[in-house]
Amino acid sequence: MRAAILRDYGEPLAVRELPDPEPASDGAVVRVDACGVCRSDWHAWSGHGEWADDRVSRGQVLGHEPAGEVVAVGDEVDRFRPGDRVVVPFSLGDGTCPHCRRGAGNVCEDGRALGFEAAAPGAFAERVAVPAADYNLVERPEWLGATAAAALGCRYMTAYHALAERTTVGGGDAVAVHGCGGVGLSAVQIAAALGARVIAVDVDDAALSLARDLGAAETVNPTAADAGAATEDGGTAGTVPERVRDLTDGGADVSLDALGIAETCRNSVRSLRPRGTHVQVGLTTDAERGEVSLPTDWMTRWEISFLGSRGMPPTSYPDLFALIEATGIDPGGLVARELSLSEISDRLAAMDEYDVRGVEVVTEF
């Protein structure tokens, strides 16, 4: 099979022929029909994560947002057969630990991160092996095509878990989303579907325009020349926390940092009303190295909650599918470009300059 391999940090991926994977006794092999290219892939490609003992090793097959069809299963697998259409979550649980049994497989004690460790080769490949298939594989509804399902991958399901499960966004809540890349735009669409009034924050007017199309009620561009100036899509500019508090009559109920740099994290926290909730989704770069200073005295004074959120348990997919079907939102609408394996390296390099909008998906292997 053809696969894209991390040869060296910041260098083009090597597209090579590898042996087809075989299923473990409790596992499955999935033919990959589509796989998203995510900022987490960029972190791995850039060599980030050393500060958290989480650096991806050279030689890794990257890719963690696959959708496709089962082509082989182990003899212990009961729920799936060849021909089943599936989505594969990147946070793979063993299905047996206390966290998995409580529906929190994304923090499994013996879990694997698809595409980020040698024990779980990724899905920038024609086929991908999935361990503990009965627990990890998710049957794909008939109405959900492979490309749209790949768009659900890390970013969309992460946004859903952050907004609907780590905190509980509901009708009338004000939600600020800082950073309108793939996960940020997913958060905009999901928060709006949950009935929230969404304020989208980004330095790119084109990204803010797309955020409005996906449900943002207001936008803030902190780099516009004058505080309070209009952006090209009709939003406003200025100091981010001040603008968000002004637009929400005192601050957001929930604020999400979808980027992971120190500035967006602190802006998100400062954008909250008393007893508001910040959710950290974006991972830091080598500028922060996993550490961001926060206004803890102010957070204590106003009882601000700070939550981390990573991926989504596979057991939560039925609820996510139900929300999509009930509200008519279209995760496929986030797909801005379809790629071949050989184009991935250029698109990862484009993320150095934040020159990627929406979700890009590999569909040609």
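- Per an unreviewed UniProt entry, the chain is named Zinc-dependent alcohol dehydrogenase family protein, and its organism is Halorubrum miltondacostae.
- The UniProt entry for the chain carries this comment under Sequence similarities (unreviewed entry): "Belongs to the zinc-containing alcohol dehydrogenase family."
- For the record of the chain, the UniProt heading Cofactor (unreviewed entry) holds the text "Zn(2+)".

**Notes on the overall build of the chain**
Right, on to step 1. Of regular secondary structure, the chain possesses eleven helices and 18 strands.
Right, on to step 2. On C-alpha atoms alone, the chain measures out to a radius of gyration of 20 Å, which is about the 21 Å that the 2.2 N^0.38 rule sets for 365 residues.
Right, on to step 3. Viewed in the frame of its principal axes, the chain has a C-alpha envelope of about 60 × 40 × 35 Å.
Right, on to step 4. If you take every contact in the chain between residues at least 6 apart in sequence, the share linking residues at least 24 apart comes to 68%.
Right, on to step 5. When the accessible surface of the chain is totalled, it reaches about 14,700 Å², and 44% of it is carbon and sulfur.

**So, the packing of helix H4 (residues 146-166) against helix H10 (residues 317-327)**
Helices that pack against each other are described as a pair by the angle of their axes relative to one another and the distance between those axes.
Right, on to step 1. Where H4 meets H10, the axes come as close as 11 Å, and the angle between the chain directions of the two elements is 85 degrees. Here H10 runs roughly perpendicular to H4, going by the angle between their axes. Residues Leu152, Tyr156, Met157 and Tyr160 of H4 pack against Tyr317, Asp319, Leu320, Phe321, Leu323 and Ile324 of H10.
Right, on to step 2. The residue makeup of the contact of H4 with H10, split by class, is nine nonpolar, no polar and one charged.

**Focus: the pairing of strand S8 (residues 127-130)**
Right, on to step 1. Burial along S8 is one-sided: Val128 and Val130 are buried, and none of Arg127 and Ala129, which face the opposite way, are.
Right, on to step 2. Relative to S8, strand S3 (residues 28-37) runs antiparallel, the two being bridged by four bridges. The residue bridging Ala28 from the neighbouring strand is Val130, located in S8.

**Some words on the environment of Ala206**
Right, on to step 1. Summarising the element assignment, Ala206 is placed in helix H6 (residues 205-213).
Right, on to step 2. Overall, the relative accessible area of 38% leaves Ala206 in the partly exposed class.

**Quick word on the side chain of Asp257**
Right, on to step 1. Relative to the helices and strands, Asp257 is located in strand S14 (residues 252-257).
Right, on to step 2. Among residues more than four places away in sequence, those in contact with Asp257 are His178, Thr264, Cys265, Ser268, His278, Val279, Gln280, Val281 and Gly282.

**Structural notes on the side chain of Thr284**
Right, on to step 1. On the secondary structure map, Thr284 appears in the loop between strand S15 (272-280) and helix H9 (296-301).
Right, on to step 2. On the basis of relative accessibility, which here comes to 15%, the residue Thr284 falls in the buried class.
Right, on to step 3. Of the polar contacts made by the side chain of Thr284, one reaches the backbone nitrogen of Gly290; its length is 2.8 Å.
Right, on to step 4. Setting aside its immediate chain neighbours within four residues, Thr284 contacts His43, Trp51, Gly260, Arg289, Gly290 and Val292.

**Quick look at helix H7 (residues 240-247)**
Right, on to step 1. Looking only at H7, the buried set comprises Val240, Pro241, Arg243, Val244 and Leu247. Considered in projection along H7, the buried side chains sweep an arc of 165 degrees and stay on one side of the axis. When the buried face of H7 is taken as reference, the exposed residues oriented beyond 90 degrees from it are Glu242 and Asp246.
Right, on to step 2. The positive-phi residue at the C-terminal boundary of H7 is Asp249, with phi of around 55 degrees.

Rules behind the numbers
- Residues numbered from 1 in each chain as written.
- Predicted model: local features only at pLDDT ≥ 70, side-chain atom pairs only at ≥ 80, totals over all residues.
- Heavy atoms only, no water.
- UniProt positions renumbered as here; feature names shortened; annotations may be inferred.
- Helix = DSSP H or I, 4+ residues; strand = E, 2+ residues; numbered from the N terminus.
- Rg over C-alpha atoms; globule rule 2.2 N^0.38 Å.
- Contact = heavy atoms within 4.5 Å.
- Areas by Shrake-Rupley, 256 points an atom, 1.4 Å probe, with all protein chains shown as cover.
- Axes fitted to C-alpha atoms, helices over the stretch in contact; angles between N-to-C directions.
- Parallel < 35°, antiparallel > 145°, perpendicular 65-115°, else oblique.
- Nonpolar A, V, L, I, M, F, W, Y, C, P; charged D, E, K, R; others polar.
- Buried < 20%, exposed > 50% of the residue type's maximum accessible area, 1.4 Å probe, protein only.
- Pairing = 2+ DSSP bridges.
- Polar contact = N/O pair within 3.5 Å; in protein donor to acceptor, adjacent residues only side chain to side chain.
- Arc of directions from axis to C-beta.

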